[in-house]
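Overview (structure and organization)
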Amino acid sequence: MKILIETPTWLGDAIMITPAIENLTNFFNEPKITLIGSSVSINVLKNNPLVIQTHLISKNYISLYKIIKGFDEFDIFITFRGSFRSRFLKFFISSKSKFQFNKHIYKKGHQVEKYNNFINHSLQTSSFASNLIIHRKKKDKNGEKKILGLNPGASYGSSKRWYPKEFADVALALSSDYDIVIFGGYGEQDIAADIEKYLNEYGVQNYQNLAAKTSIDELVSHISSLDLFITGDSGPMHLAAAFQIPTVTIFGSTNHKETSQWMNDNGVFVRTSLACQPCMKRICPLKHHNCMKLLKAEVVLKAVQGLN
């Protein structure tokens, strides 16, 4: 059985399809899987032992067509994306069966459940969505001190981002028990640098700033070794869930019922309860950002205490 899977673009969504992929592969008893997708998604999913080939998707339609022409016929093509480019891919792929995710059909429940329901409906099965799995071993820890990870960024937009001083205040309170690692992607160096500035002002020296300094493989390795993670709703948050890392997630504009950590027994989230939540906007439409502004470090620290 040869299966071609187009993966979601973003890190978090790529991780959230893993229960659906597990159910797919269990149904067909160890099929041969080819992945096509973004660099981020391919790198986080490539270690599945059933993956035999990977291809980076091209935004250029001519280049994409040339990639498709080199493919053999597949028994099944599945795309977890609903874009026009995915419809283009679906049209030209040679496959006996083709299935495309449609967000307008799968509206209710957690995003993991939406992806899993898509596979169930496509295959006429009824499998439950289990834990997130990315087929990586946890990194062995060096040293005796516990590690706290801070992830202040979120590629979705500023409405999802908590404030650097609040992150720094949490780190300060925990710095005697934890070494600190600041994470962030490209475009998130400024907010990471702001946290670093506050830590320096507080006299905290036991930290690393890894913003925009890690590959996906390195990010996975670092997060797998954490003892505690403070994060916004983001891709790294889902990585932490896959490794069952104790996590406090700060929710603002997005819907915790859809994108909170999936099946992490060691994870909790904090949020305010404003009438405007969740607005699902990239930038606060009311221009006050109170969903994040009203959340203080004390609330997160209390949540940390509840994890222990």
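Anything mentioned here points back to the structure above.
This text gives an overview of the structure that appears in the document. (Residues numbered from 1 in each chain as written. Predicted model: local features only at pLDDT ≥ 70, side-chain atom pairs only at ≥ 80, totals over all residues. Heavy atoms only, no water.)

1. Focus on the overall build of the chain
To keep it simple, the criterion reads: The numbering of helices and of strands both runs from the N terminus, where a helix is a DSSP run of H or I of at least 4 residues and a strand a run of E of at least 2. Here the globule rule is a power law, 2.2 Å times the number of residues to the power 0.38, and the radius of gyration is based on C-alpha atoms. Between buried and exposed lies partly exposed: a residue is buried under 20% and exposed over 50% of the maximum accessible area for its type, with that area taken using a 1.4 Å probe on protein chains only. It only takes one pair of heavy atoms within 4.5 Å for two residues to be counted as in contact. Values of accessible area rely on a 1.4 Å probe in the Shrake-Rupley scheme; residue burial ignores everything except the protein chains shown.
Helix and strand counts for the chain stand at 13 helices and 11 strands. A globule of 308 residues ought to have a C-alpha radius of gyration of about 19 Å, and the chain, at 20 Å, matches this closely. Across the 308 residues in the chain, those meeting the buried criterion constitute 53%. Here the contacts in the chain between residues at least 6 apart in sequence split such that 63% fall between residues at least 24 apart. Surface summary for the chain: the accessible area is close to 14,700 Å², and the carbon and sulfur share equals 51%.

2. Observations regarding the pairing of strand 6 (residues 146-151)
Defined as follows: Two strands pair under a simple rule: DSSP has to find at least two bridges between them.
The buried count for strand 6 comes to five of six residues, which makes it a mostly enclosed element. As judged from the four bridges shared by strand 6 and strand 9 (residues 228-232), these two strands associate in the parallel manner. Paired with asparagine 151 across the strands is threonine 231, a residue of strand 9.

3. Things to note about the packing of aromatic side chains
The line we're drawing: Pairing of aromatic rings covers Phe, Tyr and Trp, the last counted by its six-membered ring, and requires centre-to-centre distances within 6.5 Å; plane angles under 30 degrees mean stacked, over 60 mean edge-to-face, and any other angle means tilted.
Considering all chains together, one arrives at 16 aromatic pairs under this definition. Ring centres of phenylalanine 91 and phenylalanine 92 lie 4.9 Å apart, and the angle between their planes is 85 degrees; on these two criteria the pair is classed as edge-to-face. Using a relative accessible area of 36% as the deciding quantity, one classes phenylalanine 92 as partly exposed. Taken together, a centroid distance of 5.6 Å and an interplanar angle of 80 degrees make the contact between phenylalanine 101 and phenylalanine 118 edge-to-face.

4. Considering helix 13 (residues 297-307)
Short version of the rule: The arc refers to the directions leading from the helix axis to the C-beta atoms.
Taken as a whole, helix 13 has its buried residues at Ala297, Val300, Leu301, Ala303 and Val304. Along the axis of helix 13, the buried residues cluster in a sector spanning 155 degrees; they form a single face. Of the exposed residues in helix 13, the ones pointing more than 90 degrees away from its buried face are Glu298, Lys302, Gln305 and Gly306. Residues of helix 13 that are buried make contact with helix 7 (164-174), strand 9, strand 10 (247-250) and strand 11 (267-270).

5. Let's talk about the environment of glutamine 205
In this fold, glutamine 205 is placed in the loop between helix 8 (189-202) and strand 8 (207-209). Residue classification places glutamine 205 among the exposed residues on the basis of a relative accessible area of 56%. Separated by 150 residues in sequence, glutamine 205 and histidine 55 have C-alpha atoms that sit 42 Å apart.

6. Digging into the pattern of salt bridges
Let me state the cut-off plainly: Criterion for a salt bridge: a side-chain nitrogen of Lys or Arg within 4 Å of a carboxyl oxygen of Asp or Glu.
Tallied over the entire structure, the rule returns 11 salt bridges. For lysine 2, the salt bridge goes to aspartate 72, with nearest N and O atoms at 3.8 Å. Here lysine 2, found in strand 1 (residues 2-6), pairs with aspartate 72, found in the loop between helix 4 (61-69) and strand 4 (74-79); they are 70 residues apart in sequence, far enough to count as distant. One salt bridge in this structure joins lysine 114 and glutamate 258, with 3.4 Å as the shortest N-O distance. On the criterion of sequence distance, the pair formed by lysine 114 in helix 6 (residues 111-123) and glutamate 258 in helix 11 (residues 256-259) is long-range, its members being 144 residues apart. For lysine 114, a relative accessible area of 7% puts it in the buried group. One salt-bridge network, held together by shared partners, links Lys46, Arg136 and Asp217.

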